[in-house]
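For reference, the chains in residue letters:
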Amino acid sequence: MSENKHTSADAATAASQVLRDGRTSADSKTAAASALSQADTARNKSTGDDAATAASNVLQSDETGDRSKTAAASALSQTENETP
């Protein structure tokens, strides 16, 4: 990872809400968990391939809400490899 990126407080809050919401999809929860795990600035973590795929699916879906998309965007922005 070229920069030490981390999840913002707003994105972490959205991710937390997504994880607590029983109506969200598995992809939304995967992306939210990845984003939330990167909220700690002391850790140098990046989004893995499976979580990046889940985040991409969330962002492309017309059926997901704003909180899920916020968490997914945060997770996807923290991938180690550039996504096409």
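Everything quoted here is computed from the prediction, not taken from an experiment.

### Overview of the confidence of the model for the chain
And then number 1: Of all residues in the chain, 90% have pLDDT values of 70 or greater, and the mean over the chain is 87.
And then number 2: Between the elements of the chain, mean pLDDT differs from a low of 92, seen in helix α4 (residues 66-77), to a high of 94, seen in helix α3 (residues 49-60).

### Observations regarding the packing of helix α2 (residues 26-37) against α3
And then number 1: Viewed as axis vectors pointing N to C, α2 and α3 meet at an angle of 120°, and their least axial separation amounts to 8 Å. Between α2 and α3, the angle falls in the class oblique. Seen along the crossing, α2 lies across α3 with a hand that is left-handed. Mapping the contact onto sequence places Asp 27, Ser 28, Thr 30, Ala 31 and Ser 34 in α2 and Ala 51, Ala 54, Ala 55, Asn 57 and Val 58 in α3.
And then number 2: Considered class by class, the residues forming the contact of α2 with α3 number 5 nonpolar, 4 polar and 1 charged.

### Details of the environment of Thr 79
And then number 1: Examined against the element boundaries, Thr 79 turns out to sit in the segment after α4.
And then number 2: Along the primary structure Thr 79 and Ala 51 are separated by 28 residues, whereas in three dimensions their C-alpha atoms are 9.0 Å apart.
And then number 3: When neighbours within four sequence positions are excluded, Thr 79 is seen to be in contact with Ser 46, Thr 47 and Ala 52.
And then number 4: A distance of 3.3 Å separates a polar atom in the side chain of Thr 79 from the backbone oxygen of Leu 76.

What counts as what
Residues numbered from 1 in each chain as written. Predicted model: local features only at pLDDT ≥ 70, side-chain atom pairs only at ≥ 80, totals over all residues. Heavy atoms only, no water. pLDDT = per-residue confidence, 0-100. Helix = DSSP H or I, 4+ residues; strand = E, 2+ residues; numbered from the N terminus. Axes fitted to C-alpha atoms, helices over the stretch in contact; angles between N-to-C directions. Parallel < 35°, antiparallel > 145°, perpendicular 65-115°, else oblique. Left-handed = near helix turned anticlockwise from the far one by under 90°. Contact = heavy atoms within 4.5 Å. Nonpolar A, V, L, I, M, F, W, Y, C, P; charged D, E, K, R; others polar. Polar contact = N/O pair within 3.5 Å; in protein donor to acceptor, adjacent residues only side chain to side chain.

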